[in-house]
Amino acid sequence: MWNIQKLLRALSKHSTIKALETLHHVKSSVKNLAFSSYYSCGQHNFTSSITKDDLLLLNDLSKNKDIIVTKPDRGQGVVILNKSEYIEKMESILRDKTKFIQIGDDCTSLIIKRGDQLNNRLRKLNDNQSIDKDTYSRLFTSGSKSGVLYGLPKVHKTGCPLRPILSAIGTLNYNISKYFIPILKTLTTNEFTIHDTFSFVKTILDIPNADSYIMASFDVTNLFTNVPLTETIEIITDSLFNHNTHINGLDKVQFKKLLEIATKDITFFFDGKLYKQVDGVALGSPLGPTLANIFMCFHEKRWLRNCPPDFRPSHYYRYVDDTFLLFKSQLEVQKFLQYMNGLHMNIKFTCELESNGKLPFLDVCISRDNNRFSTTTYRKPTYTGLTTKFDSFIPIKYKTNLINTLINRAYKISKSYQIVTKEIDFITGTLRRNGFPLFVIQRSIRQSLNNIFVKREPVQLATKDIIYINLPYIGPMSYTIRRKLLNLVNLHYSTVDLRITFTSTNTIGHYFKVKDKLPNLYVHLSSINSRAAAAMLLTLERLLGIFSFVQMNIKVFHTEQEDH
């Protein structure tokens, strides 16, 4: 229902609606479709391969409080950990007082206080027209919650350490963090950054005299949590306001304050305890990769410029915290590593040298062939071969798109047709083991290769506003719902391009909750029973819904009067 409401709100902003009756008709039609689908869809199993006995086994396993069942940090698979070991590894991370502190404040009052501070600042910016009403509405926070920290096991590393991940959706920092991403984009790249795997492959294949180089990869240890926030914010504001007095209507002081709200003092729960991150970037925040890239982009230019020529790398390419380098000798590698580790107290690198003429980097294995670099797809030793099962309860389009993605990736990474052919055979075998029929695999491979080799002129379409909504996948009825929604929107909104995606609402992962359950952030009324409190909250939610709808209608009415 939330996504249906999101659609209606998005449609209400379009000036193509000239009559209140049209708005009522669209809203009524969408609501009728939503409710009729809800009451007629019934219960659906998420995959035909899961039997009743399987479900009972999963249910029993989920009740075992001594274990944690989760996915690995990289790739597909299932990891089972002792809960006590999991908690100890996470708490060892949280014991770093320079990054995290446990706080004893009441979570509800703390969030309300910080939310009021943000909203008051936004009101002042809106009142003096530093931000427009749309920005004010997007950033205004209401009903925020604290984040939740959890860990994903790095099964490819010794000791199976955990990567801390912050679930930040719904926190008061979340929307304002997303607001800053496009503004800061220009600071996230330089001549040394890699956009993606495919651009890296294209670059490395053009380097001549491969036999004259030593390959090495450098990895920044825990980059996100070691990015100094105060320093990075200073880098951002100094860079953006070097030749500008205002960015998006904000002066330097206003911009800096909002950026601090978006990045500093992030609160989260772990194991029933409330923590605050006092430095470093929260891994899970929308701004995480952006801030890490800005920090590295700023410093690495100076580091490389000041590096002594006798061990400066011949080539240097970085993707977030992973760097690929080419040197003239192995001695240069060790000198450069020592040099880089002495430049900033927060940043330390580890190094991996090529072995037997090969070096993995990202998802590519780089080797040499006739004095040229050659690339193939790389899979970690922990690769399980697990993909989406063909009998999974998801749209068939998602399954064929999986094949198309694997084929396109193989073609763009592999240097020669012989390597592509070998990779296609590997993909076919993997998909067959995951239940894909051979004719489906072969048909998708033909379509993928045709799309690669047959160049088609792009079709010029009229510019439309794209609206994305996500709906639960409930089998064939999902396609009926999508068709009716598209027909309704196309009939009344010629300037809207509605795009509907589906999500499976019932997965095996739903049986195993790794994240902490948040405490109730609503006001606890001990003098009344829980049923009365629930009824009160429901009434308030309905009133808020009525109020927002009346507001929307008044806005449309005034727009019509102005048009007349």
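The shown structure was predicted, so the numbers you read here are calculated from the model rather than taken from an experiment. (Residues numbered from 1 in each chain as written. Predicted model: local features only at pLDDT ≥ 70, side-chain atom pairs only at ≥ 80, totals over all residues. Heavy atoms only, no water.)

Draft legend 1. Representation of the overall build of the chain. In terms of regular secondary structure, the chain is built from 18 helices and 16 strands. Put simply, the chain has 564 residues, and 42% of those count as buried. The contacts in the chain between residues at least 6 apart in sequence include a share of 73% that link residues at least 24 apart. As presented, the chain carries roughly 32000 Å² of accessible surface, and 54% of it is formed by carbon and sulfur atoms. (Helix = DSSP H or I, 4+ residues; strand = E, 2+ residues; numbered from the N terminus. Buried < 20%, exposed > 50% of the residue type's maximum accessible area, 1.4 Å probe, protein only. Contact = heavy atoms within 4.5 Å. Areas by Shrake-Rupley, 256 points an atom, 1.4 Å probe, with all protein chains shown as cover.)

Draft legend 2. Seen up close, the pattern of salt bridges. Taken as a whole and assessed by the stated rule, the structure comprises 13 salt bridges. Note that Glu 300 is salt-bridged to Arg 318, the shortest N-O span being 2.8 Å. Of this pair, Glu 300 sits in helix H12 (residues 288–306) while Arg 318 is found in strand S9 (residues 315–319), placing the two residues 18 residues apart along the sequence. Summarising the burial analysis for this pair, Glu 300 and Arg 318 share the class buried. (Salt bridge = Lys/Arg side-chain N within 4 Å of Asp/Glu carboxyl O.)

Draft legend 3. Structural context of the nonpolar core. Ranked by size, the top nonpolar core spans 84 residues in total, and within it Tyr 86, Phe 180, Leu 184, Phe 255 and Phe 336 carry the most contacts. Looking at which element gives the most residues to this core, the answer is H12, with seven residues. Contacts of Phe 180, omitting those with residues within four sequence positions, involve Phe 255, Leu 258, Leu 259, Ala 262 and Leu 287. Counting residues in each nonpolar core, the second largest holds 21 residues, with Leu 8, Leu 33, Ile 467 and Ile 469 among its members. (Core = buried A, V, L, I, M, F, W, Y, C linked by side-chain atoms within 4.5 Å.)

Draft legend 4. Fine view of the sheet that holds strand S10 (residues 322–327). Here we have four strands laid out as an open sheet, ordered S9-S10-S6-S11, and antiparallel in their pairing. Of all strands in the sheet, those with a lone pairing partner are S9 and strand S11 (349–353), marking the two edges. Pairwise comparison of adjacent strand axes, ignoring direction, gives a mean angle of 20 degrees for this sheet. Pairing of strand S6 (residues 214–220) with S10 involves six bridges; the strand directions are antiparallel. Bridge pairing in S10 links Phe 218 to Thr 323. Where H12 meets the sheet, its contacts fall on S6, S9 and S11, and the angle it forms with S9 comes to roughly 170 degrees. Strands S6, S9, S10 and S11 of the sheet are contacted by helix H13 (residues 330–340), whose axis makes an angle of about 170 degrees with S11. (Pairing = 2+ DSSP bridges. Axes fitted to C-alpha atoms, helices over the stretch in contact; angles between N-to-C directions.)

Draft legend 5. Quick peek at the sheet that holds strand S5 (residues 162–167). Within the open sheet, the five strands sit side by side as S3-S8-S7-S4-S5. Their pairing is mixed. Strands with a single pairing partner mark the edges of an open sheet, and in this sheet they are strand S3 (100–102) and S5. Going across the sheet, the axis of each strand differs from the next one's by a mean of 40 degrees, ignoring polarity. Relative to strand S8 (residues 273–277), S3 runs antiparallel, the two sharing three bridges. Each bridged residue has a counterpart across the sheet, and for Ile 101 the counterpart in S8 is Lys 276.

Draft legend 6. Representation of the side chain of Thr 171. As for its position among the elements, Thr 171 is in the loop between S5 and helix H7 (174–184). Take Thr 171: its relative accessible area is 11%, and that puts it in the buried class. Side-chain polar atoms of Thr 171 contact the backbone oxygen of Ala 168, separated by 2.7 Å. Filtering out sequence-adjacent residues up to four positions away, Thr 171 remains in contact with Ser 144, Lys 145, Ser 146 and Gly 147. (Polar contact = N/O pair within 3.5 Å; in protein donor to acceptor, adjacent residues only side chain to side chain.)

Draft legend 7. Quick peek at H13. Every buried residue belonging to H13 is among Glu 332, Val 333, Phe 336, Leu 337, Tyr 339 and Met 340, and all of these are buried. Buried positions in H13, seen along its axis, are confined to an arc of 160 degrees and lie on one side of it. Set apart from the buried face of H13 by more than 90 degrees, the exposed residues are Leu 331 and Gln 338. Against S6, H12, S9, S10 and S11 lie the buried residues of H13. (Arc of directions from axis to C-beta.)

Draft legend 8. The arrangement of the pairing of strand S4 (residues 147–153) in detail. Judged by how many residues are buried, S4 sits mostly within the fold: seven of seven residues are covered. Alternating residues of S4 divide into Gly 147, Leu 149, Gly 151 and Pro 153 and Val 148, Tyr 150 and Leu 152, and every residue in both groups is buried. The pairing of S4 with strand S7 (residues 266–270) spans two bridges and is classified as parallel. Across the sheet, Val 148 pairs through a bridge with Phe 269, a residue of S7. Sheet topology places S4 next to S5; six bridges connect them, and they run antiparallel. Looking at the pairing, Leu 152 lines up with Arg 163 of S5.

Draft legend 9. Spotlight on the confidence of the model for the chain. On average, the chain scores 84 in pLDDT, and the residues at 70 or more come to 85%. This model gives residues 521–564 a pLDDT under 50, and the stretch forms 25 contacts once residues within four places in sequence are excluded. (pLDDT = per-residue confidence, 0-100.)

Draft legend 10. Representation of a nonpolar patch on the surface. A surface patch of nonpolar side chains, about 320 Å² in accessible area, is lined by Tyr 417, Phe 453 and Val 454. Within the secondary structure, Val 454 is located in the loop between helix H16 (438–453) and strand S15 (465–472). (Patch = residues over 30% accessible without salt bridge, like charges linked within 9 Å, V, L, I, M, F, W, Y side chains within 5 Å.)

Draft legend 11. Region of interest: unusual backbone geometry. One non-glycine residue, Leu 362, lies in positive phi territory at about 55 degrees. With respect to the helices, strands and loops of the structure, Leu 362 is situated in the loop between strand S12 (359–361) and strand S13 (364–369). Note on Leu 362: relative accessible area 27%, which makes it partly exposed. The residue Asn 370 is not glycine, and still its phi comes out positive at about 55 degrees. Along the chain, Asn 370 falls in the loop between S13 and strand S14 (372–377).

Draft legend 12. Broad picture of the pairing of S7. With five of five residues buried, S7 is to be regarded as a mostly interior element. Neither face of S7 is exposed, since Ile 266, Phe 268 and Phe 270 on one face and Thr 267 and Phe 269 on the opposite face are all buried. For S7 and S8, the ladder comprises five bridges, and the chain directions are antiparallel. The residue of S8 that forms the bridge with Ile 266 is Gln 277. Between S7 and S8, which follow one another and run antiparallel, lie two residues, and Asp 271 among them has a positive phi close to 50 degrees.

Draft legend 13. Spotlight on the packing of aromatic side chains. Following the criterion strictly, the structure yields 24 aromatic pairs and no others. Consider the rings of Phe 200 and Tyr 317, whose centres lie 6.3 Å apart with planes at 70 degrees: the pair is edge-to-face. Of this pair, Phe 200 sits in helix H8 (residues 197–205) while Tyr 317 sits in strand S9; the two residues are 117 residues apart in sequence, bridging distant segments of the chain. The class for Phe 200 is buried, based on a relative accessible area of 1%. (Phe/Tyr/Trp six-rings, centres within 6.5 Å; stacked < 30°, edge-to-face > 60°.)

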